[in-house]
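# Notes for the structure review
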Amino acid sequence: MEVSRTIISKLILISSLVVGSFAAAQTASPTPTPTTSGMRLSGDAAPTGLSYFVPASTNSSGSTTIPVIYGGYAGDSGGCATNQRDNSSTCNSCDGSFVGTNQKWCNQTSIYPDLVLRITLVSSTTATFQGTPRILYRLSGSGSTASFYTPDNTTAPTLATGQPFTIEIKWSSLCKNIVGATNSTCATGFSGVTLSAGIDNNNDGELEEKVDFTLVLRSIVTEAGTSATVTNCPVGTTPTDTTQGICDYNVTAGDEKVYILNYAASSYDLVTADSNVKYNRVVMFYQEGVADAKAIPNNADNVVLNLQNNSPSPPSISDPRIRGLQNDVNYCFSLASMDITGNIMYFADQTVLGTASKVCATPSQVVGLLDDKHCFIATATYGSSMAPEVQTFREFRNKYLLTNSAGQSLVKLYYKFGPEAAEWISHSEALKTASVMGLWPVLLFVKLSLWIGIIPAFLVALLGTALLAKFTLWALRNRSSLRGNA
């Protein structure tokens, strides 16, 4: 019993320091490969020579979507200079000559005019190959008349039933055939195009065996000449040409990591200038020992994080942690939005974000120890690190404790007593009940702080305490008369 009293007293002493940890999980499920007219992708392999590929999928009603080929192009700068391309793989225009260049639009998996899109297919085992079969591709949709084209294979592949063969198409051919002869440089993008690749078995101008793809190219060669940074952050509104994607954020420290907090999106739909293309990732460029985010070059270390479109609610970052950092080293972070084609653009501007303290943090083992959910009294009390009460304490920690030296000192004090108390509470229903009662006024104060600010909440708490003390004294002085009236 004495031990329990000691633990409870420690609990009440440090309950305002209760915080939680972030958790994220990602799941993946296989997607079927479509079979159209007896033809399929070879070995379920994705095409190569593209920026992003979305396999076919089957929805709840059983309908199968066709796969999507995305190309993103931000120009021939950085590691995409003409003399650095091999025509067989994408290039990284954020690297190479970008040494010393900061916050310029780029693409880490960029297509370019001479890049070859390779699609490997397998003919059905019932193919007859009448006459002289021809490998062709057809482009249709986007308001144009369907047309057949000969691939750019240097050597015609040998066709045999059940054996894979590859169709090779240069992006310059696609750009020219879809938009016009003047677009062989792929300066103009396109969407809403269906690419059908396959075999004309009997030389009749039709594809008896084929696989269909949706084809999208977002080229920002022209756009990239403008400012790369956002100039304001109207949260949840329609994007403008100066505000798209995630436009505000701040970071806080953990153990060998930092967390991205309080990020805001200009549009909850995460739309771009192309209605068929959305932002689906953010890129966090980071560097140690810099003054602010604007000094970080495009070829700095970076982490790509997935975005979840939750419209009409704000979007979320699937795992808002940047891990693998060194403790006691100050890092600054530059956030840019990445669309599904891989184009990196609209860096959150330091002039909009405000002070460097929002985008710079120093990982610490002491702070990081609080990431262990087993060391949290609130987690032990409410039974889950994802309980609403725990998340409320977590938000209070991030906003008011970890942002100043006084809060850091309180965090250290918590670590001295918290793990022992949490361990006792997790094994005792009586202590859990007592902890819930003890944390209730603290939780009320924390919620009030997050609603109206910590100073007004503190004043309200003082007033409430004074009124409660006055009422208690009055009740003690008049207990006799109160008993008589009862």
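What comes next is a walk through the structure. Small disclaimer: the values here were computed from a predicted structure and weren't measured.

Analysis parameters
- Residues numbered from 1 in each chain as written.
- Predicted model: local features only at pLDDT ≥ 70, side-chain atom pairs only at ≥ 80, totals over all residues.
- Heavy atoms only, no water.
- Helix = DSSP H or I, 4+ residues; strand = E, 2+ residues; numbered from the N terminus.
- Buried < 20%, exposed > 50% of the residue type's maximum accessible area, 1.4 Å probe, protein only.
- Contact = heavy atoms within 4.5 Å.
- Areas by Shrake-Rupley, 256 points an atom, 1.4 Å probe, with all protein chains shown as cover.
- Axes fitted to C-alpha atoms, helices over the stretch in contact; angles between N-to-C directions.
- Parallel < 35°, antiparallel > 145°, perpendicular 65-115°, else oblique.
- Left-handed = near helix turned anticlockwise from the far one by under 90°.
- Nonpolar A, V, L, I, M, F, W, Y, C, P; charged D, E, K, R; others polar.
- Disulfide = S-S within 2.5 Å.
- Pairing = 2+ DSSP bridges.

Our focus in this paragraph is the overall build of the protein. Helix and strand counts for the protein stand at ten helices and 19 strands. Within the span of the protein, comprising 486 residues, buried residues form 45% of the whole. Summarising the internal contacts of the protein: among those between residues at least 6 apart in sequence, 70% fall at separations of at least 24. Accessible area of the protein: about 22,800 Å², with a carbon and sulfur share of 53%.

At a minimum axis separation of 7 Å, helix α8 (residues 429-452) and helix α9 (residues 454-477) run at an interaxial angle of 135 degrees. In terms of their interaxial angle, α8 and α9 are classed as oblique. α8 and α9 meet at a crossing whose hand is right-handed. Facing α8, whose interface residues are Phe 445, Leu 448, Ser 449 and Ile 452, α9 presents Ile 454, Pro 456, Ala 457, Phe 458, Val 460 and Ala 461. Partitioning the contact of α8 with α9 into residue classes produces nine nonpolar, one polar and no charged.

A covalent bond between the sulfur atoms of two cysteines is what we call a disulfide. A full pass over the atoms with the stated rule returns five disulfides. What pairs with Cys 233 in a disulfide is Cys 247, and their sulfur atoms sit 2.0 Å apart. In this structure, the disulfide formed by Cys 233 and Cys 247 twists by about 60 degrees around the S-S bond and is classed as right-handed. Placement of Cys 233 in the loop between β10 (209-219) and β11 (246-253) and of Cys 247 in strand β11 is noted, with a sequence separation of 14 residues between them. Of the residues examined, Cys 247 reaches a relative accessible area of 0% and is grouped as buried. When the bonded cysteines of the protein are counted from the start of the sequence, the pairing works out to 1-2, 3-4, 5-6, 7-8, 9-10.

This part covers the sheet that holds strand β8 (residues 164-170). On the basis of which strands lie adjacent, the open sheet formed by three strands has the order β1-β5-β8 and antiparallel pairing. Looking at the sheet topology across the chains shown, the edges are occupied by β1 (40-41) and β8. Here two bridges tie β1 to strand β5 (residues 116-122), and the two strands are oriented antiparallel to one another. Counterpart to Leu 41 in the pairing with β5 is Leu 121. In this fold helix α2 (residues 171-179) packs onto β5 and β8, with an angle of close to 60 degrees to the strand it touches most, β8.

With that out of the way, let us pick up the sheet that holds strand β12 (residues 257-265). An order of β11-β12-β16 is seen for the three strands of this open sheet, with the pairing classed as antiparallel. The two strands at the open ends of the sheet, each matched to only one other strand, are β11 and β16 (321-323). Strand-to-strand twist across the sheet, computed as the mean angle between neighbouring axes with direction ignored, equals 25 degrees. Relative to β12, β11 runs antiparallel, the two sharing six bridges. Across the sheet, Asp 248 pairs through a bridge with Ala 264, a residue of β12.

On to the pairing of β5. Burial analysis of β5 places five of its seven residues in the buried class, which makes it a mostly covered element. Where β5 and β8 come together, seven bridges link them in antiparallel fashion. The residue of β8 that forms the bridge with Val 116 is Lys 170.

Shape is all these values report; function is a separate question.
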